[in-house]
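Descriptive analysis of the structure
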Amino acid sequence: MSKLQGLFGVFQDEINTEINFKNKISDLENLFSIELAIIKSEYADLSTIQPINLPYDLTSEDSKDIPFAFASRELCQVKIISEENRDFNLGTAGEVRIIDNLSLLSDKYHRFLQELNGIDCRPIFRDRLSHKINEEIIYVLMVNRYFKAISYIYQVNAKDGDKISYPLISKSDQDTMGLILTPEEIQRILSLEKLNYSDYLLSLLRLIEIVVEYTIDTIILVSISCDNSPNRSQNIQYSLSLINLQIVTKLQNGFQMLDLKNDNIRRKFDALKYNFKKMNGIVYDLSLRKLIVNEVQIY
């Protein structure tokens, strides 16, 4: 073997090693996407349910004296993953209930990160998947919290003609969960010392898309229900558009305070501007038709 062949043989060994690591990361990423897709599909199903019909466990109101009492009580499809074969036990089809903690999701999160850290590859490959895992898990937690809070508003707080007043974020001196999960709450749920700001902001921007979609879906569902069976109590749900407009407005104001250098965040922020205009148009149309019967304050 010539010296040249020996030299390039070393390069080929390194290339083969890198390909092997990439394949391992790709397999892990595909497995993560499959497992999370099942959970995310359940939240997609929630967007087809009118706010007054969203499931809510009133027993979670028991711990009034504990700050962030709702931080560990979230809306979640019960799923059990076998560590040996990772098969899903979905239980009763369509069953959605409140669980006392998010240990299943947190365990899934840490298990995948542990497997990822066990792959000896260049940091750039590991960091890309690490950010994806973080963003996806945070996104699921945020969607979970949003639907839980909306469920609480419409099954506990909202009445025809009453003012709907609800916090955007939780406060340490209150036991009412906010509509938006804070970084501190996510760190507590996932047992993290620090949360990457870009993962959090990207998840927040993705949540806004869900908020807008749920507004449109709800208006369609309520309109159909009212046409088939006129009921003034149904009009309470049109106020969801005003709730969601205030959510989007406050978040847009927050993002405008940032000097965005991250290309991904800046592109997503451009979509937020479009969603803000869309929400304004929806609320304006409903207001002209006098369908919004509740005053709303998201503070």
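We now turn to the structure provided with this report. (Residues numbered from 1 in each chain as written. Predicted model: local features only at pLDDT ≥ 70, side-chain atom pairs only at ≥ 80, totals over all residues. Heavy atoms only, no water.)

Our next topic: the overall build of the protein. A count of helical and extended segments in the protein gives seven helices and six strands. Order of helices (α) and strands (β) in the protein, N terminus to C terminus: α-β-β-β-β-α-α-β-α-α-α-α-β. Here the protein holds 299 residues, and 47% of them are scored as buried. Sequence-distant contacts in the protein: of pairs separated by 6 or more residues, those separated by 24 or more amount to 77%. Surface accessibility of the protein: about 15500 Å² in total, with carbon and sulfur atoms responsible for 52%. (Helix = DSSP H or I, 4+ residues; strand = E, 2+ residues; numbered from the N terminus. Buried < 20%, exposed > 50% of the residue type's maximum accessible area, 1.4 Å probe, protein only. Contact = heavy atoms within 4.5 Å. Areas by Shrake-Rupley, 256 points an atom, 1.4 Å probe, with all protein chains shown as cover.)

Between the first and last C-alpha of helix α7 (residues 263–288) there are 39 Å, a value that for 26 residues agrees with the 38 Å anticipated at 1.5 Å per step. Buried residues of α7: I265, F269, L272, N275, M279, I282, V283 and L286, and no others. K290, located one to two residues past α7, shows a positive phi value of around 55°. (Expected span 1.5 Å × (residues − 1).)

Once that is clear, we can look at the packing of aromatic side chains. This structure, assessed with the given rule, holds six aromatic pairs. Pairing F32 with F112 gives two aromatic rings, centres 5.2 Å apart and planes at 80°, and the pair type is edge-to-face. Within this pair, whereas F32 is found in helix α1 (residues 3–46), its partner F112 is found in helix α2 (residues 103–117), the two being separated by 80 residues in sequence. F112 carries the same exposure label as F32, and that label is buried. Considering the side-chain rings of Y146 and F147, the 5.3 Å spacing of their centres and the 70° angle between planes classify their relative orientation as edge-to-face. We note that Y146, like F147, is buried. Put simply, the rings of Y146, F147 and Y214 pair up and form one aromatic cluster. Stacked on the ring of Y139, the Lys or Arg R206 has its end atom at 4.0 Å from the ring centre. (Phe/Tyr/Trp six-rings, centres within 6.5 Å; stacked < 30°, edge-to-face > 60°. Lys NZ or Arg CZ within 6 Å of the ring centre and 35° of its normal.)

Of note, the phi angle at S191 is positive, near 55°, even though the residue is not glycine. Inspection of the secondary structure puts S191 in the loop between α4 (183–190) and α5 (197–228). By relative accessible area, which is 58% here, S191 ends up exposed.

According to the stated counting rule, one finds twelve salt bridges in the structure shown. A salt bridge links R289 to D285; the nearest nitrogen and oxygen atoms lie 2.9 Å apart. (Salt bridge = Lys/Arg side-chain N within 4 Å of Asp/Glu carboxyl O.)

Moving on, we come to helix α6 (residues 240–256). For α6, spanning 17 residues, the distance from its first C-alpha to its last is 24 Å, which sits close to the expected 24 Å at 1.5 Å a residue. In terms of residue burial, α6 counts as a mostly covered element, since twelve of its 17 residues are buried.

Of all hydrophobic cores here, the largest spans 81 residues; its most connected members are Y146, I150 and L179. Here this core takes 17 residues from helix α3 (residues 123–157), the largest share from any one element. When sequence neighbours within four positions are dropped, the list of residues in contact with L179 reads R145, Y146, A149, I150, I153, Y166, P167, L168, I169, I247 and I298. (Core = buried A, V, L, I, M, F, W, Y, C linked by side-chain atoms within 4.5 Å.)

What follows deals with the packing of α6 against α7. It is the contact of α6 with α7, at a shortest axis distance of 9 Å, that shows an interaxial angle of 150°. At the point where α6 passes α7, the crossing takes the left-handed sense. From α6, S241, L242, N244, L245, V248, T249, L251, Q252, F255 and Q256 reach across to α7, where they touch I265, F269, L272, K273, F276, M279, N280, I282, V283 and L286. Partitioned by chemical class, the residues of the contact of α6 with α7 number 13 nonpolar, six polar and one charged. (Axes fitted to C-alpha atoms, helices over the stretch in contact; angles between N-to-C directions. Left-handed = near helix turned anticlockwise from the far one by under 90°. Nonpolar A, V, L, I, M, F, W, Y, C, P; charged D, E, K, R; others polar.)

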